[in-house]
Amino acid sequence: MSANSNNQNTSVGAPGAILSEPQWNAITQSISGLSAQQLTWVSGYLAGLAASGQALPQSQAAAVPSAAGEAPVLTILFGSQTGNAKGIAQSLQAKVEAAGYSSKLVSMADYKPRQIKNETHLAIVASTHGEGEPPDDAIELHEFLGTKKAPKVDKLKYAVLSLGDSSYEFFCQTGKDFDERLAKLGGKLVVPRVDCDVDYEAEAEAWVAKLIETLKDDFTSAGAAAVAMQTGSAVAAGTAAQVYTKKAPYQATLLTSQKITGRDSVKDIRHIEISLEDSGITYQAGDALGVWFKNDAALADEIITLIQASADQEVTVAEHTLSFKEALINKLELTLSYPGFVKAYQEASGCEALAKLLEDKAALRDYLADRQIVDIVRDHPHPVTAAQFVAACRPLTPRLYSIASSQSEVEDEVHLTIAHVDYDAFGNRHQGGASGFLCDRLEEGGEVDVFVEPNDNFRLPENPDTPVIMIGPGTGIAPFRSFMQERDAQGAEGKNWLFFGNPHFTQDFLYQLEWQGYVKSGLLSKISLAFSRDQKDKIYVQHRLLEEGKDVYQWLEEGAHLYVCGDANQMAKDVESALLEIFRTHGGKSDEEAKAYLLSLRKAKRYQKDVY
Ligand SMILES: Cc1cc2nc3c(=O)[nH]c(=O)nc-3n(C[C@H](O)[C@H](O)[C@H](O)COP(=O)(O)OP(=O)(O)OC[C@H]3O[C@@H](n4cnc5c(N)ncnc54)[C@H](O)[C@@H]3O)c2cc1C
Ligand SMILES: NC(=O)c1ccc[n+]([C@@H]2O[C@H](COP(=O)([O-])OP(=O)(O)OC[C@H]3O[C@@H](n4cnc5c(N)ncnc54)[C@H](OP(=O)(O)O)[C@@H]3O)[C@@H](O)[C@H]2O)c1
Ligand SMILES: Cc1cc2nc3c(=O)[nH]c(=O)nc-3n(C[C@H](O)[C@H](O)[C@H](O)COP(=O)(O)O)c2cc1C
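Predicted model only: the values in this text are computed from it and were never measured.

**Quick notes on the overall build of the protein**
When helices and strands are tallied, the protein shows 25 helices and 21 strands. Every one of the 612 residues in the protein was classed for burial, and the buried ones make up 43%.

**Here we look at the environment of Gly476**
Checked against the element boundaries, Gly476 lands in the loop between strand 17 (468-471) and helix 19 (478-490). The spacing of Gly476 and Gly501 is 25 residues in sequence and 9.2 Å in space, taken between C-alpha atoms. Contact partners of Gly476, with chain neighbours within four places excluded, come to Cys565 and Gly566.

**Observations regarding the nonpolar core**
If you look at soluble globular proteins, the nonpolar side chains tend to sit buried side by side. Judged by nonpolar contacts, the single largest core of 69 residues is most densely connected at Leu289, Leu438, Ile469, Met470 and Val575. By residue number, the principal contributor to this core is helix 24 (residues 571-587), which donates 7 residues. Two domains each provide a minimum of three residues to this core, namely domain 2 (250-293 + 398-453) and domain 4 (468-611). Every residue in contact with Ile469, bar those within four places of it in the chain, is listed here: Trp497, Val552, Trp555, Ala560 and Leu562.

**What about helix 12 (residues 339-349)?**
Among all positions of helix 12, only Phe341, Val342, Tyr345, Gln346 and Ser349 are buried. Along the long axis of helix 12, the arc covered by the buried residues comes to 125°, so they all point the same way. As for helix 12, its buried residues are in contact with helix 13 (352-358), helix 14 (361-369), helix 15 (373-379) and helix 16 (386-392). Just downstream of helix 12, Gly350 is the residue with a positive phi angle, here 70°.

**Some words on the site of ligand 3**
Taken together, 23 residues lie near ligand 3, and Ser80, Thr82, Ala85, Ser127 and Gly164 sit nearest. Considering only residue class, the shell around ligand 3 consists of 9 nonpolar, 12 polar and 2 charged.

**Here we look at the site of ligand 1**
The full set close to ligand 1 counts 24 residues, and Thr335, Gly432, Ala434, Ser435 and Tyr612 are the nearest of them. Mapped by element, the contributors of at least two residues to the shell around ligand 1 are strand 12 (399-402), strand 13 (413-419) and helix 18 (433-441).

**Some remarks on the sheet that holds strand 16 (residues 447-453)**
Ordered in space as 12-9-16-7-8-13, the 6 strands form an open sheet in which the pairing is antiparallel. Where the open sheet ends on each side, the last strands, each with one partner, are strand 12 and strand 13. Strand after strand, the sheet turns through a mean of 40° between neighbouring axes, direction not considered. Strand direction decides the pairing type here: strand 9 (residues 288-291) and strand 16, joined by 4 bridges, are antiparallel.

**A closer look at the confidence of the model for the protein**
Summing up the model confidence of the protein, the mean pLDDT is 89 and the portion of residues at 70 or higher is 85%. Residue range residues 57-69 is modelled with pLDDT below 50. Its contacts to residues more than four positions away, or to other chains, number 5 contacts. The low-confidence segment residues 222-241 (pLDDT under 50) makes 28 contacts with residues lying over four places distant or belonging to another chain.

**Some points on the packing of helix 23 (residues 549-557) against helix 24**
Where helix 23 meets helix 24, the closest approach of the two axes is 9 Å, and the angle between their N-to-C directions is 90°. Between helix 23 and helix 24, the angle falls in the class roughly perpendicular. Side by side, helix 23 and helix 24 meet where Gly549, Lys550, Val552 and Tyr553 of the first sit next to Ile582, Phe583, Thr585, His586 and Gly587 of the second.

**Concerning unusual backbone geometry**
One non-glycine residue, Ala318, adopts positive backbone phi at about 40°. As for its position among the elements, Ala318 is in the loop between strand 10 (314-317) and strand 11 (320-323). Within the chain, Lys605 stands out as a residue other than glycine whose phi angle is a positive 60°. Structurally, Lys605 can be placed in the loop between helix 25 (591-603) and strand 21 (607-611). Since 25 C-beta atoms lie within 10 Å of it, Lys605 is described here as buried.

**A few points about the sheet that holds strand 18 (residues 496-502)**
Read from one edge to the other, the open sheet built from 5 strands follows the order 19-18-17-20-21, with strand pairing classed as parallel. The open sheet has two free edges, formed respectively by strand 19 (526-531) and strand 21, since each of these has just one partner strand. If you compare each strand with its neighbour and ignore which way they point, the axes differ by 10° on average. When strand 17 meets strand 20 (residues 561-566), the two strands line up parallel, connected through 4 bridges. Directly across from Ile471, in strand 20, lies its bridge partner Val564.

Calculation rules
Residues numbered from 1 in each chain as written. Chains lettered and ligands numbered in written order. Predicted model: local features only at pLDDT ≥ 70, side-chain atom pairs only at ≥ 80, totals over all residues. Helix = DSSP H or I, 4+ residues; strand = E, 2+ residues; numbered from the N terminus. Buried ≥ 20, exposed ≤ 12 C-beta atoms within 10 Å, placed from the backbone. Contact = placed C-beta atoms within 7 Å. Core = buried A, V, L, I, M, F, W, Y, C linked by C-beta atoms within 7 Å. Domains from an automatic or database assignment. Arc of directions from axis to C-beta. Near = placed C-beta within 6 Å. Nonpolar A, V, L, I, M, F, W, Y, C, P; charged D, E, K, R; others polar. Pairing = 2+ DSSP bridges. Axes fitted to C-alpha atoms, helices over the stretch in contact; angles between N-to-C directions. pLDDT = per-residue confidence, 0-100. Parallel < 35°, antiparallel > 145°, perpendicular 65-115°, else oblique.

Pasting the structure below:
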């Protein structure tokens, strides 16, 4: 069997009283990975069965032949928070199908961990999030494979592609874990694992090609090729919807950049409006917008002077030949620093102080924590060639921003809520690459290259009657503005509860009038506010959650979906601890039961996070 996964079709509500949890799990497991066409066929088949008044006998159900028994199937599992691993997994499937192999593409969120024992060929594409942690959709499988319950997989041939970012301490940890755990269980790694950094495209392509070549002998079936032709169109149809992509973005226009924090605020948070007019771009509540940015020209000039290079020197970056200055502005990361730059710059410059720093990993991390690339060069200016400097830098990567609008309300615009990274350090002003571009350097009417990054792991419930709890301090508020606009447009009857926090009520109550309007109209049933610095002791959203624990638990028992957006490092973890506390206190659960309850919410897609 060959199938294309479309997560949009899997976020259905809980089965309620109709199905038991095991039945529900079995159904979602069986249909995950089916294309829209296949789902339509299955629904017609089931409707016919129901209309005939006959249930499929159990023995017959068990006897339905599995395509997996007839020819090998490559199961492609992805664990992805922001879509990169999913994109590679989809492209892998398109390529294996083109090669005539049978395949099945499944999000780890929809995969029953015990199923692993039935696999013969498995390709894993997984990113790492948090501090070396798996993305949400991979948590369960990742954990399961590390437990004693995990089965032996002696017959399994597998391959792993890990995505990560070498500026993090635990680089590509999740992919490494999957590899290690499968090997321990007896699986055979058939192509070497590749740990990709932020510029993953070329390495990922090479890994895909190698995997296809390696599996050639196992997958040479005429039948597989016939099935592949059918679903090839499903893959093409899926991708055609997004005409503009990370590689081919849309040149949009900045309409508005408005500061929405007060004059005396410690924060500069902007409401950004971008026109998508005539692009045909569509997005859903929960998606993010990818933004390509230009570095500050002054930063490029300063670096050129410090390393005594020429601005006009021709250089090549990822097949583009352009001047060194243009490359610094448009193609290279100059703000986010990482250990690889220090190593390459040290080798090019022969700097002794940096050589010493490189010997002490912890000291290097401390040093890099507050420093951008330009700070390193300022601290250690040495003559290096333009080509050496280019080789030391990483290619510029777009930043993602949770979309703060719904197209039902704003049509061909997209709104964002952006914290302007802007601080003084070491005697200089520092701005974030993308937030500095959008909030400071780009004038209204200016052009910005954008693309939509769909996020099927952060979706409103399909049933508009389902209650929703939204926890979004700071810029974490963004997707909830989108959610409320969408629920308003839907005429959704479900209750909505917002938890918001920021330093001060008078300065930092983002979109205050809109929330008050929603409260007045009744769309927002409850709002719980945590202004952290308006009193002696800090009050955060999780404190409000605990105070309201009884009602929060009650809403969840009524089927509410719960969403968390904003800071990943502290807030999301503290909120999760508060939820577990609520389940213990108000649900009478033990530690283990509270964790199981949270897991069941996550599996039912009723606990979703968009954290960064
Ligand atoms: C799925 C997703 C959704 C997101 N949604 C949003 C959103 O809705 N709104 C939003 O504002 N951001 C959002 N982000 C974060 C956003 O993508 C960028 O990471 C953020 O804007 C910083 O990017 P930058 O290019 O401006 O700064 P960078 O150039 O990436 O960072 C510059 C450096 O400054 C450091 N730094 C940042 N802030 C400070 C500070 N205050 N003091 C000292 N050092 C600092 C950073 O650690 C970094 O080393 C989201 C991220 C993801 C992954
Ligand atoms: N140095 C950095 O790299 C840096 C600096 C700032 C923000 N950020 C990141 O930028 C993103 C957006 O920041 P933002 O300005 O939107 O919001 P934010 O910094 O997350 O702050 C929003 C609110 O959350 C509070 N808060 C702080 N710690 C918390 C915790 N453990 N639990 C719950 N609430 C907590 C803050 O209080 P207090 O501020 O009063 O404690 C504030 O009231 C986040 O990912 C954040 O991590 C990075
Ligand atoms: C909040 C956050 C935390 C991250 N933590 C790590 C990490 O600990 N280790 C790592 O190697 N990469 C880390 N990354 C980088 C991602 O793995 C990388 O961006 C990857 O391409 C994302 O793939 P995905 O879109 O499939 O989730 C982190 C990214 C974000 C946004």
